[in-house]
Amino acid sequence: MQYNTQQKKMPLPEYGRSIQNMVDHALTIEDRAERQRCANTIVNIMGGMFPHLRDVPDFKHKLWDHLAIMSDFKLDIDYPFEIIRKDNLEVKPEPIPYPRTRIKYRHYGRTLEVLIEKACEMPEGDEKQNLIALICNHMKKDYMAWNKDTVDDSKIDDDLRELSEGRLQMTEAIVKLMNERIEQNCRPKQNNNPNRGGKNKKKY
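Residues numbered from 1 in each chain as written. Predicted model: local features only at pLDDT ≥ 70, side-chain atom pairs only at ≥ 80, totals over all residues. Heavy atoms only, no water.

### With respect to the pattern of salt bridges
Thinking step 1. Summed over all chains, the structure comprises 14 salt bridges.
Thinking step 2. Close ionic contact of aspartate 159 with lysine 155 constitutes a salt bridge, the shortest N to O distance being 3.2 Å. Of this pair, aspartate 159 and lysine 155 both sit in helix α6 (residues 153-163), 4 residues apart, which is roughly one turn of that helix.
Thinking step 3. The shortest N-O distance in the salt bridge between aspartate 157 and arginine 161 comes to 3.2 Å. With a gap of 4 residues between them, aspartate 157 and arginine 161 both fall in helix α6, about one helical turn apart. (Salt bridge = Lys/Arg side-chain N within 4 Å of Asp/Glu carboxyl O. Helix = DSSP H or I, 4+ residues; strand = E, 2+ residues; numbered from the N terminus.)

### Considering the layout of surface pockets
Thinking step 1. Approximately 190 Å³ is the volume attributed to the largest pocket.
Thinking step 2. In terms of lining, the largest pocket is formed by Leu134, Asn137, His138, Lys140, Lys141, Arg181, Ile182, Asn185 and Cys186.
Thinking step 3. Elements supplying a minimum of two residues to the lining of the largest pocket: α5 (126-147) and α7 (172-186).
Thinking step 4. If one sorts the elements of the lining of the largest pocket by residue count, α5 sits on top with 5 residues.
Thinking step 5. Taken together, the residues that form the lining of the largest pocket break down as 3 nonpolar, 3 polar and 3 charged. (1 Å grid on protein atoms, 1.4 Å probe; cavity = no way out; pocket = protein on both sides within 12 Å on 5 of 7 lines; lining within 4 Å. Points joined across faces, edges and corners; volume = space filled by probe spheres on them. Nonpolar A, V, L, I, M, F, W, Y, C, P; charged D, E, K, R; others polar.)

### A word on the packing of aromatic side chains
Thinking step 1. Inspection of the entire model under this criterion finds 3 aromatic pairs.
Thinking step 2. Judged by centre distance (5.7 Å) and plane angle (90°), the rings of tyrosine 15 and phenylalanine 50 are edge-to-face. With tyrosine 15 in the segment before α1 (16-28) and phenylalanine 50 in the loop between α2 (32-48) and α3 (59-70), this pair connects stretches of sequence that are 35 residues apart.
Thinking step 3. Taking the relative accessible area as the measure of exposure, tyrosine 15 reaches 5% and is therefore buried.
Thinking step 4. With a centroid separation of 5.9 Å and an interplanar angle of 85°, the aromatic rings of tyrosine 105 and tyrosine 108 are classed as edge-to-face.
Thinking step 5. Positioned above the aromatic ring of tyrosine 105, the side-chain terminus of lysine 155 is 6.0 Å from the ring centre. (Phe/Tyr/Trp six-rings, centres within 6.5 Å; stacked < 30°, edge-to-face > 60°. Buried < 20%, exposed > 50% of the residue type's maximum accessible area, 1.4 Å probe, protein only. Lys NZ or Arg CZ within 6 Å of the ring centre and 35° of its normal.)

### Examining a nonpolar patch on the surface
Thinking step 1. Residues Met22, Ile45 and Met49 make up a contiguous nonpolar surface patch of about 210 Å² in total accessible area.
Thinking step 2. Tracing the backbone shows methionine 49 in the loop between α2 and α3. (Patch = residues over 30% accessible without salt bridge, like charges linked within 9 Å, V, L, I, M, F, W, Y side chains within 5 Å. Areas by Shrake-Rupley, 256 points an atom, 1.4 Å probe, with all protein chains shown as cover.)

Purely geometric stuff here, so don't read any function into it on its own.
Given below as structure tokens:
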């Protein structure tokens, strides 16, 4: 008995050994017309394995590219598309540059620093005050997630002043907005269904 690990390595194992054997057989066909018919049949079978991709643009094109890859680009047929070149398979993509922005406090993260900068740029008003309150509540949540302890408002105020370079601070108005936001999030939702809670029940 021959195991798959003892057989030739498949370029595209997702199509299975049977499809690869068909491609290998097509390479042995001497008659060009017969070889072309065999290739068309193989591509149709390959497409039937992924019916959910039939409407994907260039799906047929990809199938012919895959046929060329599985034949090691040795299948002499008339391809209906310009197939991928063999040397393009070995081209590595350009490396993605990793962001090197320094984060002052990692437990707050870069997104919070961006929010603080946006708040500094906003004109004075209710919208700015609400954003600062949101930032402070988020800072408290992040701080407690990392330190597993309670946090004093003075600590958040100090960090906010430092991160904003003194442009933002936790005033009494901000603390009030913070508490209002917490109360709104903790307030239980009222059930407006008139048929619940024993009211407006029909008596029989």
